Each structure stands twice: as C-alpha cells, then as structure tokens.
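Read off the chains here:
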Amino acid sequence: MPLSLETPKTDFAKRSHRLARLIADQLAARQQPDGTFTRHSFYAPAFAAALWAQLDPAHYAPQIKAALGALETEHQDPHYHREFIEYALWQIPDLSAERLAAILRGAPPQSPDVANWQILGLINRHLSMKNGLGKNRKFANWLHWVFIRLRYWRAPLFWDRPDCFSGQYHAFCAALLADSPIAAHRQIAAKATALIAKLSGDHGNANLLGRGAGQSFGAVCALYALVKHGLYDHADAILFRLETAFLTAGTLPLNLFSANALPPDPGPDNPATPGWYSYNRHDDYLAFAGYWLLKVATCPTDPKPQPPLPNLKAAPITVFSCPTYQAQMCLCGKRGFDLTPCPVVLSGSGITATLLFAPTGGEEDVPSLYGPASLPLPATPDGKHFAQIRKATRTGNTVRIDFTLAGISGKRTITFDDCQITITDQIAAKCDLLRLLVHHDVPLIQTAKQHLHAPQLGITFRAESDLVINDANHFTAAGPARMIIAPDTNHATLRICWGADND
C-alpha cells in the first residue's frame with residue numbers, strides 16, 4: 001500500500017489508519033510460525049494481536065491465533081511485562097476472561113516506581129472490574145489513584161520517576177488517562193495534554209526531554225492525546241514526522257531522529273543505533289505504535305474546547321519559544337540523562353525546524369552510546385574528569401547550572417533572548433569549557449578562532465575565547481555530533497545568534 005504525504009492535514013483518520021495497516025502487515029510478515037517475532041520482545045505479540053483484532057480480525061486470524069498461543073507458553077521471567085501485556089489483551093474484542101487468565105497465569109505485576117507502569121496497573125484493574133472481575137477492588141482503585149496523584153502528578157506534568165521528567169512517558173500517561181471512562185482521569189489528561197502541545201509546538205517533536213527522547217513510543221502517545229483533545233495543528237506536525245520517518249526507513253523506526261531500520265546487532269557498540277537502550281525492542285515499539293495509530297484513526301475529530309495553556313513558571317522544565325528557535329530544558333533529575341545541561345534547541349519553526357542541539361544522555365545504569373564524554377558539560381583537558389550537575393535553577397529567561405569538576409565548583413548560565421542564546425561557563429581552574437554538541441546534520445564552519453558559522457541555518461557562534469571543533473565520536477539521542485569546546489580556560493561566553501550580528 002503506497003504512502004503519500006499529500007493527504008490534507010485534517011484527515012487524521014485516513015492517514016493514521018494507513019500507517020496502522022502498514023505496520024500490521026509488517027508485523028504479520030515478521031511473525032514466526034510459533035507466534036513470536038524475529039527478535040526477542042517483551043509485549044509485541046500482545047499489542048500486535050490487539051492491533052490485528054481491531055483492524056481486521058478475519059484477515060489476520062492466523063496471526064492472532066499464533067500470537068495468543070505464544071503468549072500462553074511464554075516464560076514469565078522477572079522481566080515479564082505483566083502490565084503491558086494485560087492492557088493489550090483487554091483491547092482484543094471477544095477475548096474471554098478465561099483465556100486472558102490462562103495467558104497471564106497469575107504472574108504478579110512488576111509495579112516499579114514509575115508513573116506509566118502504575119497508571120497501567122490502575123487502568124487494568126478498571127478494565128477487569130468493567131468485565132465483571134474483581135468487583136471488590138473499587139476502594140483499592142481509589143487508593144491507587146490517590147497514590148498516583150500524590151507521587152507523580154505535579155500539574156501540568158507527570159513525573160516519570162519521582163523528581164524526574166520524561167516527555168515520552170508523560171505522553172503515555174496522558175494517553176492512558178485520556179482513554180479512561182473515569183472523569184477525574186480525563187480531567188488530568190486534559191491538563192497533561194496542554195503541556196504536550198507546548199512541548200511539541202508546531203515542529204512535531206513531542207518527547208525531547210528525559211528518557212526515550214525522540215522515540216516513536218512517545219510520539220504516537222502524544223499524537224493520540226492531542227487528537228483526543230482537539231489540538232489538531234500540533235497533532236498534524238507529529239503525524240507528519242511519523243509518516244516521514246516511515247517513508248524514509250521503510251518501517252516505523254524506534255528513534256524518529258534516526259530514520260533507519262534497526263540493524264541486526266543493535267547496542268552500545270553500534271553507532272547506527274542512536275536512541276537505543278538495552279530494553280528497547282523494535283517489534284515491541286512497532287506493535288505498540290500500530291495499536292495507538294489505529295486508536296487515532298477511530299478517534300472523533302470534531303471541534304472541541306481547548307485545554308488552557310500550561311503555566312510553567314514553577315515547573316521543573318522550561319520552554320522558550322520565539323520565531324527563530326525553540327529551546328527546552330529539564331532542570332531536575334537524578335541521573336545525567338534526566339537533566340539538560342545544554343538546551344535542546346530546534347532552529348526555525350514548523351515541520352522544517354532543524355535540530356541544532358540534540359537531546360543527550362544515557363539510560364538508567366545500563367550501557368549506551370552516551371557516556372560522560374558525550375554530555376555537554378566542562379571537562380578536564382586530559383579527559384579524565386567530567387563535570388557533574390549539582391542543581392539547576394531558573395530566573396526569568398536565565399537558567400543557572402551549578403556543577404563540580406574534579407572537586408572544584410563551577411557554574412553555567414544560559415540566557416534566552418529573541419534571536420540569541422548566551423551560554424557562559426566559569427570555574428576556578430583552567431578546563432575545557434562549553435563542550436556543546438551540534439547535531440551532525442548541521443554544517444559548521446570555523447570562520448575565525450572565536451567565530452563559527454552554520455550557514456544553512458543563518459546562525460553565528462561568537463565567543464570571547466578561542467573555540468575548537470572536536471569531531472571525535474560524540475553521540476546524542478539523535479546520532480553523532482560535533483563538539484564545540486573553549487579549551488584550557490576558566491571563563492568562556494558563547495553567543496549563538498540567529499540572523500544579522502554586527503557586534
């Protein structure tokens with residue numbers, strides 16, 4: 001089935017249905033005779049079965065049967081994704097409670113201290129009650145909802161983990177609650193979706209901050225939440241990026257910033273897998289995306305009241321938007337990938353916006369492409385010590401980051417103005433300062449010792465000290481990057497200017 005980007009932007013149903021059908025067919029081709037997929041997966045058979053059963057149960061009957069058979073015989077190890085599998089099974093029409101119980105076989109929930117897993121557990125309990133099971137769980141559900149509100153909800157955002165934000169998992173929480181029959185859930189979902197609109201703007205990148213930056217998982221959840229609440233302009237930009245990635249890769253890639261089919265050996269030693277973490281599975285994400293795209297296709301697109309714009313003055317994230325760029329930062333977190341030491345910056349606006357500074361960081365404590373050397377923070381000249389963030393604060397349009405480097409305190413200030421971002425690093429020792437990562441797609445020319453130029457974007461980099469472009473193997477969640485360094489100094493100021501700069 002050919003895919004075209006010429007469909008009018010308002011026709012979400014047709015466009016989303018077409019993508020869902022393409023994904024369903026790919027999953028059918030990738031499924032093995034025993035119902036599993038070509039690579040190990042956590043929940044692909046369950047979400048694929050839900051997609052096939054809702055899309056065309058007669059056409060995909062053999063695939064559905066094989067998937068359910070595989071689920072019934074799956075080994076339930078400590079990583080068994082009970083919440084994800086159960087949620088997908090509830091979405092299969094006419095699947096009996098007995099068959100569902102036979103598949104789950106009493107496996108305990110994982111229930112990690114993560115918002116989206118907790119909400120999945122809550123929704124699953126609602127669905128079991130709706131289907132005549134667990135009628136005595138109403139009070140338990142109420143207590144669980146109170147727990148979720150107190151532990152993870154900080155209007156207008158959901159924590160990913162306590163005190164840590166992820167645009168991807170915020171979007172998943174919003175999508176789950178937007179689909180809930182409980183009014184209190186939908187009210188929270190509306191507020192959370194307003195933040196998704198703020199983050200995605202008109203460029204269509206909804207998950208630039210925190211875990212899972214740029215992954216298709218968060219994009220499809222954001223798309224559904226936005227369409228559900230009538231925010232069609234924002235949704236259109238996300239859907240366009242999904243369509244473009246599919247056209248480019250021939251499938252829906254795990255990472256939308258790396259629109260290639262996943263290689264046979266993904267992992268931290270393979271530079272062709274940016275945005276990949278150890279638990280990512282292509283078939284999981286493909287089936288998950290197909291399911292949510294089909295939900296978008298069946299979601300009414302009538303005019304709806306718009307949720308009010310979110311107030312981010314007291315939020316632990318900041319978004320600065322102007323006609324020339326949008327910058328986003330996360331000012332809290334527990335690990336390097338949670339905080340944003342250099343703003344994620346998109347130059348320009350709309351679907352042609354270009355990634356200048358990409359999301360960076362690793363994932364939990366597992367190996368990834370992104371070690372300390374690939375974090376945009378100062379380092380000692382010998383490359384043995386890298387700065388660690390102590391805290392980040394914001395006052396007006398200025399963000400201050402306090403860090404330590406080899407036992408010495410330093411600070412970074414970032415000021416956002418129309419057409420200009422100013423970044424200053426200072427520390428009481430001579431170090432390599434700045435170390436900012438420019439995405440590999442941005443041509444960067446050194447015009448003088450203290451001046452750089454990105455001619456295609458009309459951006460000039462001007463410093464008060466010498467600059468060096470380091471082309472070593474530095475990585476972001478969007479792939480390789482070139483590093484801008486102010487070497488062997490204790491103070492460096494860099495102005496990033498859009499348009500004419502006569503200073």
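Residues numbered from 1 in each chain as written. Predicted model: local features only at pLDDT ≥ 70, side-chain atom pairs only at ≥ 80, totals over all residues. Heavy atoms only, no water.

**Student:** How would you explain the overall build of the chain if you had to name every residue and give the values?
**Tutor:** For the chain, the helix and strand inventory stands at twelve helices and 16 strands. In terms of overall size, the chain behaves like a compact globule, its C-alpha atoms giving a radius of gyration of 23 Å where 503 residues would be expected to give roughly 23 Å. Taken along its principal axes, the extent of the C-alpha atoms in the chain is 70 × 50 × 45 Å. Every one of the 503 residues in the chain was classed for burial, and the buried ones make up 59%. Sequence-distant contacts, at least 24 apart, represent 66% of the contacts inside the chain between residues at least 6 apart. (Helix = DSSP H or I, 4+ residues; strand = E, 2+ residues; numbered from the N terminus. Rg over C-alpha atoms; globule rule 2.2 N^0.38 Å. Buried < 20%, exposed > 50% of the residue type's maximum accessible area, 1.4 Å probe, protein only. Contact = heavy atoms within 4.5 Å.)

**Student:** Please give an account of the sheet that holds strand 3 (residues 164–165) that cites residues and values.
**Tutor:** The sheet built from three strands is open, its strands ordered 1-2-3 with antiparallel pairing. For this open sheet the edge positions go to strand 1 (153–154) and strand 3, each flanked by a neighbour on one side alone. Here strand 1 pairs with strand 2 (residues 157–161) via two bridges, running antiparallel. If you follow Arg-154 over to strand 2, its bridge partner there is Leu-157. (Pairing = 2+ DSSP bridges.)

**Student:** Give me the nonpolar core: which residues, what numbers.
**Tutor:** Counting 119 residues, the largest nonpolar core has Trp-52, Leu-89, Phe-158, Leu-242, Phe-288, Trp-292 and Ile-317 as its most contacted members. With near-sequence residues (within four places) excluded, Trp-292 lies in contact with Tyr-87, Phe-172, Ala-175, Leu-176, Val-220, Cys-221 and Tyr-224. (Core = buried A, V, L, I, M, F, W, Y, C linked by side-chain atoms within 4.5 Å.)

**Student:** Summarise the side chain of Asn-205; cite the residues concerned and give the values.
**Tutor:** Among the secondary structure elements, Asn-205 is positioned in the loop between helix 9 (183–200) and helix 10 (216–228). Accessibility expressed as a relative area gives 7% for Asn-205, which makes it buried. Asn-205 has contacts with Leu-199, Ser-200, Arg-241, Phe-257 and Leu-346, leaving out every residue within four places of it along the chain.

**Student:** Requested: an account of the packing of aromatic side chains, with residues and values cited.
**Tutor:** Counted according to the given criterion, the structure contains 27 aromatic pairs. With 6.1 Å between their ring centres and 20° between their planes, Trp-52 and Tyr-60 make a pair best called stacked. Residue class for Tyr-60 comes out buried when judged on its relative accessible area of 1%. Between Trp-153 and Phe-158, the aromatic rings sit 4.7 Å apart at their centres with planes inclined by 55°, giving tilted as the arrangement. For the residue pair Trp-153 and Phe-158, the accessibility class agrees, reading buried in each case. (Phe/Tyr/Trp six-rings, centres within 6.5 Å; stacked < 30°, edge-to-face > 60°.)

**Student:** Please set out the pairing of strand 14 (residues 459–463) residue by residue, giving values where relevant.
**Tutor:** Taken across its five residues, strand 14 has five buried, putting it largely inside the fold. In strand 14, alternate side chains face the same way, and those of Ile-459, Phe-461 and Ala-463 on one face and Thr-460 and Arg-462 on the other are all buried. The pairing of strand 13 (residues 451–454) with strand 14 spans four bridges and is classified as antiparallel. When the sheet's bridge partners are listed, His-453 is paired in strand 14 with Thr-460. Where strand 14 meets strand 16 (residues 479–498), five bridges bridge the pair, whose relative direction is antiparallel. If you follow Ala-463 over to strand 16, its bridge partner there is Leu-494.

**Student:** I'd love a proper account of the environment of Gly-167, names of residues and values included.
**Tutor:** Its place among the elements puts Gly-167 in helix 8 (residues 167–178). You can call Gly-167 buried: its relative accessible area is 3%. Along the sequence, Gly-167 and Ile-23 sit 144 residues apart, while their C-alpha atoms lie 24 Å from each other. Those residues in contact with Gly-167 that sit more than four places away from it in its chain are Ala-206, Asn-207 and Leu-209.

**Student:** I'd like a rundown of the pairing of strand 11 (residues 420–439), residues and numbers included.
**Tutor:** Successive residues of a regular strand alternate their side chains across the two faces of the sheet. In terms of burial, strand 11 is largely enclosed, as 15 of its 20 residues are buried. The pairing of strand 10 (residues 408–417) with strand 11 spans eight bridges and is antiparallel. Among the inter-strand pairings, Ile-414 is bridged to a residue of strand 11, identified as Ile-423. Taking the residues that link successive antiparallel strands as the turn, the strand 10-strand 11 hairpin has two residues, and the phi of Cys-419 there is positive, at about 70°. One ladder, built from 14 bridges, connects strand 11 with strand 16; its direction is antiparallel. Of the residues in strand 16, the one forming a bridge with Thr-424 is Thr-493.

**Student:** Any chance you could break down helix 4 (residues 82–90) for me, citing the residues and the numbers?
**Tutor:** For helix 4, the tally of buried residues reaches nine of nine residues, placing the bulk of the element in the interior. Listed as buried for helix 4 are Arg-82, Glu-83, Phe-84, Ile-85, Glu-86, Tyr-87, Ala-88, Leu-89 and Trp-90.

**Student:** Lay out the pattern of salt bridges in plain terms, naming residues and giving numbers.
**Tutor:** This structure, assessed with the given rule, holds 14 salt bridges. Linking Asp-283 and Arg-30 is a salt bridge whose minimum nitrogen-to-oxygen distance equals 2.5 Å. Of the two residues, Asp-283 is situated in helix 12 (residues 282–297) and Arg-30 in helix 1 (residues 12–30); the sequence distance between them amounts to 253 residues. For Asp-283, a relative accessible area of 2% translates into the label buried. Overall, Arg-30 belongs to the partly exposed group, its relative accessible area being 23%. A salt bridge links Asp-425 to Arg-412; the shortest N-O distance between them is 2.7 Å. Taken as a pair, Asp-425 in strand 11 and Arg-412 in strand 10 lie far apart in primary sequence, 13 residues in all. Across the pair, Arg-412 and Asp-425 agree in class, each one buried. A single salt-bridge network, built from bridges that share partners, covers Asp-160, Arg-161, Arg-211 and Asp-338. (Salt bridge = Lys/Arg side-chain N within 4 Å of Asp/Glu carboxyl O.)

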